[in-house]
Structure formats: structure tokens, C-alpha cells
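Summary of the model geometry
What follows is each chain in one-letter form.
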Amino acid sequence: MTAVKIELDLDGRVEAGAMVGRALAQVRDLSNLLRPTELDLGLGPALQALADDFSGRTRIDISLDHVHPLPPLSDELQVAIYRIVQEALTNVARHAGAARVAVELEVVDGQVRLVVEDDGRGVAGEPTPHLGLLGIRERVTTLGGTLRVGAANGGGFRVEALIPVEAAA
């Protein structure tokens with residue numbers, strides 16, 4: 001377990017901002033290090049188990065479309081993909097009011113393309129950033145990728161990540 005160090009300035013006040021920043025960084029680092037045991041069976045089966053669990057808990061229909069077999073991907077990239085899908089599905093369950101969600105994963109031109117799209121209420125304009133979307137964005141950009149979020153075609157919400165296959169290799 002990692003301890004959080006509290007620093008006091010000369011006036012005896014806690015540097016709360018710095019302390020919170022360090023704590024969030026430590027939580028993020030721990031989250032990145034935690035490798036889901038489902039990945040022991042491979043990314044495809046791990047995502048299928050995640051989808052099945054999500055559908056069973058939420059009663060939201062989910063389709064998972066991925067290239068089978070997936071090309072070799074680094075452990076860090078597999079964890080990032082799994083966690084991005086996990087967070088996107090959590091957002092669907094919490095905010096979308098969706099009946100269906102589709103997850104697509106493919107490798108095209110040396111990039112992983114991951115799309116999570118629902119048929120829920122969507123958003124008008126730019127979505128309000130919250131910890132879930134911020135975490136997804138950080139995972140994607142840390143690996144040199146790009147993230148697009150916003151309205152899906154025909155309504156709902158869409159998260160699309162493009163991440164180089166060689167990321168974290």
C-alpha cells in the first residue's frame with residue numbers, strides 16, 4: 001500500500017491541491033498497473049466476458065465485434081483497451097438511458113480502432129468532462145492515440161479511440 005505524504009507550508013496549512021494531485025496520480029498509476037485476470041485468456045475473450053457481465057447486470061443489449069484473432073498487442077495496450085471499454089460501458093449504464101450498445105475493435109493501418117456507441121439520449125454539443133471521460137482520454141493520449149467523443153449517428157453517444165499498435169511495445 002502506498003502512503004500519501006502530507007506537506008505543511010510555513011503557515012502550517014496543508015497544501016491540499018498538491019496533495020490531491022499526487023493522490024490522483026497514485027490512484028491512476030495503480031489502476032494502470034492492475035491487470036484484469038480476464039486478460040489471461042486473451043483480449044477478445046476478456047472483452048466478451050466484460051460484455052456478458054454488463055448485459056447481465058444492466059439488461060442493455062450489447063454487441064461485440066472484433067477481429068478474431070487479434071494481432072499481438074502489448075500488455076499495456078490490452079489493459080488500456082479493456083479499461084477504456086469498461087469505463088465507456090459504465091458511462092452507458094449511468095448516463096445514456098440506452099437499450100443497445102455496440103463495441104467494435106479492429107486493427108487498421110497499424111492502429112487499434114476502438115468504438116463504443118450507444119442508442120441512448122446522447123449529448124447536445126460538447127460533452128461535459130467527468131472523471132470517466134478524462135480517464136479514457138488520458139489512457140488514449142498516454143499511448144500516443146487520439147480520442148473522439150460526441151453524438152452518435154442517429155442519436156446516442158460515441159467514443160472512438162485510435163491508438164498505434166506499437167504503443168507501449
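What this report covers is the structure whose coordinates are included nearby. (Residues numbered from 1 in each chain as written. Predicted model: local features only at pLDDT ≥ 70, side-chain atom pairs only at ≥ 80, totals over all residues. Heavy atoms only, no water.)

**Some words on the sheet that holds strand β4 (residues 146–151)**
- Pairing is mixed across the open sheet formed by 5 strands, whose spatial order is β1-β2-β3-β5-β4. At either margin of the open sheet sits one strand with a lone partner, and together these are β1 (61–66) and β4. Strand-to-strand twist of the sheet, defined as the mean angle between neighbouring strand axes without regard to direction, takes the value 10°.
- Helix α3 (residues 75–96) rests against β1, β2 (100–108), β3 (111–118) and β5 (157–164) of the sheet, and its axis sits at about 15° to β3. (Pairing = 2+ DSSP bridges. Helix = DSSP H or I, 4+ residues; strand = E, 2+ residues; numbered from the N terminus. Axes fitted to C-alpha atoms, helices over the stretch in contact; angles between N-to-C directions. Contact = heavy atoms within 4.5 Å.)

**Concerning the side chain of Asp 118**
- Following the sequence through the fold, Asp 118 ends up in strand β3.
- Buried Asp 118, no salt bridge; nearest opposite-charge side chain is Arg 121, N-O distance 8.5 Å.
- A polar side-chain atom of Asp 118 sits 2.7 Å from the main-chain amide nitrogen of Gly 120.
- Those residues in contact with Asp 118, other than ones at most four positions away along the chain, are Val 92, Ala 96, Ala 98, Arg 100, Val 101, Ala 152, Gly 155, Gly 156 and Phe 157. (Buried < 20%, exposed > 50% of the residue type's maximum accessible area, 1.4 Å probe, protein only. Lys, Arg positive; Asp, Glu negative; His and termini not counted. Salt bridge = Lys/Arg side-chain N within 4 Å of Asp/Glu carboxyl O. Polar contact = N/O pair within 3.5 Å; in protein donor to acceptor, adjacent residues only side chain to side chain.)

**Describing helix α2 (residues 43–58)**
- With 16 residues, α2 ought to run about 22 Å at 1.5 Å a step, and its terminal C-alpha atoms sit 22 Å apart, in line with that.
- Those residues of α2 that sit buried are Leu 43, Gly 44, Ala 46, Leu 47, Leu 50, Ala 51 and Phe 54. For α2, the angular spread of buried residues about the axis comes to 165°, placing them on one side.
- Those residues of α2 hidden inside the fold are in contact with β1, α3 and β2.
- Arg 59 sits one or two positions beyond α2 and adopts a positive phi of about 65°. (Expected span 1.5 Å × (residues − 1). Arc of directions from axis to C-beta.)

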